[in-house]
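Each chain is listed here by its residues.
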Amino acid sequence: CMNHILPASYAWGNFSVLAVGIWAIVQRDSLDAIAMFLTGLLLTVLTDIIHISVFYPAHDRLGDTTRFSVGMAIFSLLLKPLACYLVYRMYRERGGE
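Throughout, a residue's number is its position along its own chain's written sequence, starting from 1. Predicted model: local features are reported for residues with pLDDT of at least 70 only, side-chain atom pairs are reported and counted for 80 or more only, and whole-chain, interface and lining totals are derived from all residues. Only hydrogens and water are set aside when side-chain values are computed; all heavy atoms of the structure are taken into account.

Labelled according to an unreviewed UniProt entry, the protein appears under the name ATRAP protein, originating from Mionectes macconnelli.

Shown next as structure tokens:
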């Protein structure tokens, strides 16, 4: 993300969902905050797939830093379904249906 391989929209999307996630954790009784966080996580799964597939560098331009950055972006994408499941459980605990 920080190696300038992926566009700024990748970082802005993920950091804004992170900010909503912090808001959802702080507002323990707010159902809207956790619903927005879950929606944002699901949306970033889709946009991360698009960003990684469109902006993946050519094989001859893959340096160590580039490979590490793309690997961390893919690792983040692989962890998001688990995060979605945990946030959904939190949503159900707060009274969501």
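Trainee: For this particular structure, what's the right way to read the environment of Ile34?
Mentor: Helix and strand assignments come from DSSP, with helices taken as H or I runs of at least 4 residues and strands as E runs of at least 2, each series counted from the N terminus. Note on placement: Ile34 falls in helix α2 (residues 31-55). For Ile34, a relative accessible area of 1% gives the class buried. Between the C-alpha atoms of Ile34 and Gly21, which are 13 residues apart in sequence, the distance is 7.4 Å. Among residues more than four places away in sequence, those in contact with Ile34 are Ala24, Val87, Met90, Tyr91 and Arg94. Each residue gets one of three labels from its accessible area relative to the maximum for its type: buried under 20%, exposed over 50%, partly exposed in between, using a 1.4 Å probe on protein chains only. Any two residues having at least one pair of non-hydrogen atoms within 4.5 Å are treated as being in contact.

Trainee: Just to check I follow, could you spell out helix α3 (residues 64-93) for this structure?
Mentor: Counting along an α-helix, one turn takes 3.6 residues, and residues three or four places apart therefore face a common direction. Taking 1.5 Å per residue as the helical rise, α3 with its 30 residues ought to reach 44 Å, and the 43 Å between its terminal C-alpha atoms agrees with that figure. Here the bend at a residue is taken as the angle between two axes, fitted respectively to the seven residues that end there and the seven that start there. Within α3, the axis deviates most sharply at Lys80, by approximately 30°, and proline Pro81 lies no more than four positions further along. Where α3 is concerned, the buried positions are Thr66, Ser69, Val70, Ala73, Leu77, Lys80, Cys84, Val87 and Tyr91. Buried residues along α3 sit in contact with α1 (8-26) and α2. Looking one or two residues beyond α3, the residue adopting positive phi is Gly95, at roughly 105°. Here a helix's expected span is defined as the number of its residues, less one, multiplied by 1.5 Å.

Trainee: Help me understand the nonpolar core, please; the structure alone is not making it clear to me.
Mentor: Grouped burial of nonpolar side chains is what soluble globular proteins tend to show. Among the buried residues, those of types Ala, Val, Leu, Ile, Met, Phe, Trp, Tyr and Cys that are joined through side-chain atoms within 4.5 Å form a nonpolar core. Listed in full, the 10 residues of the largest apolar core are Val17, Ala24, Ala33, Ile34, Phe37, Leu38, Leu41, Cys84, Val87 and Tyr91. For this core, the secondary-structure elements that each account for two or more residues are α1, α2 and α3. A total of 5 residues in this core trace back to one element, the largest contributor, which is α2. Setting aside residues up to four positions removed in sequence, Tyr91 forms contacts with Leu31, Ile34, Ala35, Gly96 and Glu97.

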